[in-house]
Amino acid sequence: MLRTHTCGELNITHVGQSVILCGWLQKSRDLGGMTFIDLRDRYGITQLAFNMDTNAELCEKARKLGREYVLSITGNVAERSNKNAKIPTGDIEIIVENIDVLNKSKTPPFTIEDQSDGGDELRMKYRYLDLRRNPVRKNIELRHKMSIETRNYLNGLNFVEIETPFLIKSTPEGARDFVVPSRMNEGEFYALPQSPQTFKQLLMVSGYDRYFQIVRCFRDEDLRADRQPEFTQIDCEMSFVTQDDVLNTFEGLTKHLFKVVRNVDVPAFPRMTYAHAMKFYGSDKPDTRFEMKFVELNDVAKGKDFKVFDDAELVVGICANGCSEYTRKQLDELTDFVKRPQIGANGLVYVKFNLDGTVKSSVDKFFNEESLKKIGEKFDAKAGDLILIMAGATEKAQRQLSELRLEMGERLGLRDPNVFSPLWVVDFPLLEWDEESQRFFAKHHPFTSPKTEDIDLLETNPGAVCANAYDLVINGVEVSGGSIRIFNRDLQNRMFKILGFSEEEAKKQFGFLLDAFEYGAPPHGGIAFGFDRLCSLFGGSESIRDYIAFPKNNAGRDVMIDAPSTISSAQLEELRLVTKI
């Protein structure tokens, strides 16, 4: 080893020892007779001291070194006269006897500090420098710890980690695939997996009753803060289990991670039906750190000659406690918020229950005080409260009010990232209707089992069928989802037929799975955690990019290596994607 210690481990007990340290020059301070250098590695910072009186030549050499030079130093540990309580090594410094420059460095394009002066794009271009910064390093180390603890926990429950292929068959359901041309099979393509779904089901057929994999997956879809074209899943499957077995197992894993990574004890996760989540939160991933539940108002809001309410399928509202003193400017800001294209509302109605006992609304022309108080009674509103109301088609109004609820929670400081509120959302619809294509799509995926009691409705009333599916939601973020699977060929064929597959299409796309079901497929179910999302949740960040070593930007580009990029005409010809001229 080129070093005897790291830059984060020396303390007062090492005083008098001769040590060798290696690292990067964080900063240098020239104080005339003395020069000090902060030497940094992954483990911390140690102060180096150079004295002009005792070794002028070495001190002069130190003064010529630049930021991010890679150094090796030999010296003796001494107690510092001006201690620094902010760092673990703050009680000591190294009186340097020799210094070697292992490599020089150009001046970095941004400061390698906790609060860097580099913007996102610049730091992504020089990501190898950004990764030297403490906040990024801590994020990567948190990710590492979570992966190790996940493996240890699942190994303790007899799960086997098995790798599945990255070059697979393209399927028409779900998001768009990334495709890879095959040189050896002209005109044919592999796809990169959106998940190992069918392979893990085949592993259940193979008798590996507890499988997991921390696996890279790929989706060619538009990006945002919680999406990347390549992402990581904790992918799991179990045989001979019920829904309760799966939920209890992975609630245990989640609690374990909270305890060992964040030292947080979370209580048992409540279970909420999809119907309840939509009715009271307008979302299938409700943030339950705060209340502000939806209240439906059709019975007290309609019939007052207010066309917006009278023509609406649903009139629904929330009550923001203590917000009656909101100014006109604040209320206009909320109206502008819901009118944003991403939300798409036409407006917002408010009712203020003022502290002096009066009631004021934006629809006083249509509602007298008595009518407004009836609305207030639906919320148990009291003096000081503010009611915010949306109206329209049911699903649209619910979605818009859900966004407003989250905005109010943010403004009122109710969404503390250090408070965790996990829950299971269960009993999802098996299918959802698409108006544009005039057909049903699978709410989760086509291998999800319907509830046993609903199987007879598959052909007669498919929209009413509930799925044996479940999502784990934490603080309004869906961190995992799964289901009990179909394991019977006839039932799987019925599902494909409802989804619009012909027999030939089903056989072409999934014949291998249907055939496997005829060789003693056990009942099975599973779940997949979005590992990047889970890491960002534990780390208190909204962006998963902070927890990925080399992420893509919002355009799906790696600006550091400049990918994607064009390939040579020779490569295109070899892949037979162009005709040789």
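What you are looking at is a predicted structure, and each value in this text was computed from that prediction instead of being measured.

A. Layout of the side chain of Ser-147. Following the sequence through the fold, Ser-147 ends up in helix α4 (residues 134-156). Residue Ser-147 is classed as buried on the basis of its relative accessible area of 12%. When neighbours within four sequence positions are excluded, Ser-147 is seen to be in contact with Ile-214 and Phe-531.

B. Geometry of a nonpolar patch on the surface. A surface patch of nonpolar side chains, amounting to about 340 Å² of accessible area, comprises Val-179, Phe-189, Leu-577 and Val-578. Note that Val-578 resides in the segment after α16 (569-574).

C. Summary view of the pattern of salt bridges. In total, this model carries 44 salt bridges according to the counting rule given. The partner of Lys-200 in a salt bridge is Asp-235, and the shortest N-O contact between them spans 3.0 Å. Linking Lys-200 in helix α5 (residues 197-205) with Asp-235 in strand β10 (residues 230-239), this pair joins segments that are 35 residues apart in sequence. For the pair shown, Lys-200 and Asp-235 are each scored as buried.

D. View of the environment of Ala-467. With respect to the helices, strands and loops of the structure, Ala-467 is situated in the loop between β19 (439-442) and β20 (469-474). Under the relative-accessibility criterion, Ala-467 is labelled buried at 1%. Residues Ala-467 and Ser-449, spaced 18 residues apart in sequence, show a C-alpha to C-alpha distance of 6.0 Å. Residues contacting Ala-467, with those up to four places away along its chain left out, are Asp-427, Phe-428, Pro-429, Leu-430, Thr-448, Ser-449, Pro-450 and Lys-451.

E. Quick peek at α5. Restricting attention to buried positions, one finds in α5 the residues Gln-197, Thr-198, Lys-200, Gln-201, Leu-203 and Met-204. Residues of α5 that are buried make contact with β9 (210-218), β10, α14 (503-516) and β22 (524-530). Once α5 ends, the next one or two residues include Gly-207, with phi positive near 95°.

F. Broad picture of the nonpolar core. The biggest cluster of nonpolar side chains holds 35 residues, and the ones touching the most others in it are Met-146 and Phe-250. With seven residues, the top contributor of residues to this core is helix α6 (residues 243-262). Excluding residues within four positions of it along the chain, Phe-250 makes contact with Leu-154, Phe-159, Cys-236, Met-238, Trp-424, Ile-527 and Phe-529. Within the second largest apolar cluster, 32 residues are counted, among which are Leu-423, Leu-430, Ala-469 and Leu-491.

G. Layout of the sheet that holds strand β11 (residues 271-273). Overall, mixed pairing links the eight strands, which are arranged β6-β9-β10-β22-β21-β20-β17-β11 in an open sheet. On the outer flanks of this sheet lie β6 (160-161) and β11, each paired with one strand and no other. Bridge analysis of β20 against strand β21 (residues 477-484) gives six bridges, and the strand direction is antiparallel. Across the sheet, the residue bridging to Ile-474 is Val-477, located in β21. Across the sheet, α5 lies against β9, β10 and β22, angled at about 25° from β10, the strand it touches most.

What counts, and at which threshold
- Residues numbered from 1 in each chain as written.
- Predicted model: local features only at pLDDT ≥ 70, side-chain atom pairs only at ≥ 80, totals over all residues.
- Heavy atoms only, no water.
- Helix = DSSP H or I, 4+ residues; strand = E, 2+ residues; numbered from the N terminus.
- Buried < 20%, exposed > 50% of the residue type's maximum accessible area, 1.4 Å probe, protein only.
- Contact = heavy atoms within 4.5 Å.
- Patch = residues over 30% accessible without salt bridge, like charges linked within 9 Å, V, L, I, M, F, W, Y side chains within 5 Å.
- Areas by Shrake-Rupley, 256 points an atom, 1.4 Å probe, with all protein chains shown as cover.
- Salt bridge = Lys/Arg side-chain N within 4 Å of Asp/Glu carboxyl O.
- Core = buried A, V, L, I, M, F, W, Y, C linked by side-chain atoms within 4.5 Å.
- Pairing = 2+ DSSP bridges.
- Axes fitted to C-alpha atoms, helices over the stretch in contact; angles between N-to-C directions.

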